[in-house]
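Breakdown of the fold
Here is what each chain is made of, one letter per residue.
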Amino acid sequence: MKDERDEKLDLWLQQRAVTPASPDLTQRIILQAQRVPQRKSVSLWQSVRDLFAEFHLPKPAYVLAGALAIGLVIGFSTPQYNETSANDVVAAQNFLSADETVL
Amino acid sequence: MATAWPEKDDNELLSLIQNGSSQAFSTLVERHTERFYRLAYRYLQSREAAEDVVQEAFIKLWENPGLWQPARNSKFTTWFYRIVVNLCLDLRKRKPLAPLDDGTQLIDEREPIDESMIRAQEQKMLEKEIAALPERQRMALNLCFGEGLTNQEAAEIMGLNLKALQSLIMRAKTTLKTRLKSIL
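Treat the numbers as computed from the prediction; the structure is a model and nothing was measured.

A few words on the overall build of chain A. What chain A contains, in helices and strands, is five helices and zero strands. The secondary structure elements of chain A, listed N-terminal to C-terminal, are α-α-α-α-α. Put simply, chain A has 103 residues, and 8% of those count as buried.

Encoded structure:
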């Protein structure tokens, strides 16, 4: 429980005097800030975008790059397997097994 | 200079500052300089040092507004108090507080003693004893009594849990009561 001394001390602590700040403190801070450049924190995504923004490609280059990309997609999506290559594999296996019998 | 955007809250101003708005920065400085100065002054007991600390804290914010992350920090003032507190502690480490005059020398006994003189003397003695407290006890007292913050807010600013802060305040007050026994 708080006694009289506690209350008096609390009151003193709350009423401690403060010498007022200079009247121009706020203006000094604002003026000082005007002389200091801001440092921007750049995110990873932003830095990637900035990096790509450095490459200025003309429109035909985009068309060419697009055509190449489509070509690659079509090329990779075409099945590799055909009958001729299957026959070749069988022939090679026969040849190898023939060699093994001799040895 | 008239304050621009008085209707905007701190978070709105901070996001404008992050976009480079010096007007938003001015508004924030005008709104909060006084309160942060008070805290720094109570701790440092020097107007020049307190002004330097507040200026340094605001310039840090302006230079690097990305330091403020609304998702991570609860409230601007709580976060900024922490910056001011750290700057005060750093300054004190570099430049320890000069011992204050003994308050008992203030009263000239030939002069008639009035209430305000007694009050001034008590104030001086209190400041002297507060200055002699350990750093963290002093800061805890300043935050809880000078700034009217809740214990929870003060604990958050000092990076302590509530119990640790309450213990700091209790120890500080016990020491003060013992040392100021003659005038309390």
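The next subject is the overall build of chain B. Helix and strand content of chain B: eight helices and zero strands. Of the contacts made within chain B by residues no fewer than 6 positions apart, 56% connect residues no fewer than 24 positions apart.

Between chain B and chain A, the contact holds 32 residues from the first and 24 residues from the second. Of all elements in the fold, only α2 (22–44), α3 (47–63), α5 (115–131), α6 (135–146) and α8 (162–179) of chain B reach the threshold of two or more residues within the side of chain B that touches chain A. The element contributing the most residues to the side of chain B that touches chain A is α2(B), with eleven residues. By residue class, the composition of the side of chain B that touches chain A is 13 nonpolar, nine polar and ten charged.

This part takes up the packing of α3(B) against helix α4 (residues 76–94) of chain B. Residues and elements named next belong to chain B. One can describe the packing of α3 onto α4 by two numbers: an axis separation of 10 Å at closest approach and a directional angle of 130°. One finds that α3 runs oblique with respect to α4. Relative to α4, the crossing made by α3 is right-handed. For the pair α3 and α4, the contacting residues are Ala-49, Val-53, Val-54, Glu-56, Ala-57 and Lys-60 in the first and Phe-80, Ile-83, Val-84, Leu-87, Cys-88 and Leu-91 in the second. A per-class count over the contact of α3 with α4 returns ten nonpolar, no polar and two charged.

This part is about helix α2 (residues 25–35) of chain A. Residues and elements named next belong to chain A. Here α2 has its buried residues at Leu-25, Thr-26, Ile-29, Ile-30 and Ala-33. Angular distribution of buried residues about the axis of α2 spans 135°; they occupy a single face of the element. Residues of α2 that are exposed and angled more than 90 degrees away from the buried face: Leu-31, Gln-34 and Arg-35.

A separate point is helix α7 (residues 151–158) of chain B. Residue and element names in this part refer to chain B. All of the buried residues in α7 are Ala-154, Ala-155, Glu-156, Ile-157 and Met-158. Contact partners of the buried residues in α7: α4, α6 and α8. Immediately beyond the C-terminal end of α7, within one or two residues, lies Gly-159, with a positive phi of roughly 70°.

Another aspect to go through is the confidence of the model for chain B. Residues and elements named next belong to chain B. This prediction gives chain B a mean pLDDT of 87; 88% of its residues lie at or above 70. Low confidence marks residues 102–107, where pLDDT is under 50. Its contacts with residues over four positions away, or in another chain, come to eleven contacts. Quick note on the complex model: pTM equals 0.70, ipTM equals 0.81.

So, how was this worked out
Residues numbered from 1 in each chain as written. Chains lettered and ligands numbered in written order. Predicted model: local features only at pLDDT ≥ 70, side-chain atom pairs only at ≥ 80, totals over all residues. Helix = DSSP H or I, 4+ residues; strand = E, 2+ residues; numbered from the N terminus. Buried ≥ 20, exposed ≤ 12 C-beta atoms within 10 Å, placed from the backbone. Contact = placed C-beta atoms within 7 Å. Nonpolar A, V, L, I, M, F, W, Y, C, P; charged D, E, K, R; others polar. Axes fitted to C-alpha atoms, helices over the stretch in contact; angles between N-to-C directions. Parallel < 35°, antiparallel > 145°, perpendicular 65-115°, else oblique. Left-handed = near helix turned anticlockwise from the far one by under 90°. Arc of directions from axis to C-beta. pLDDT = per-residue confidence, 0-100.

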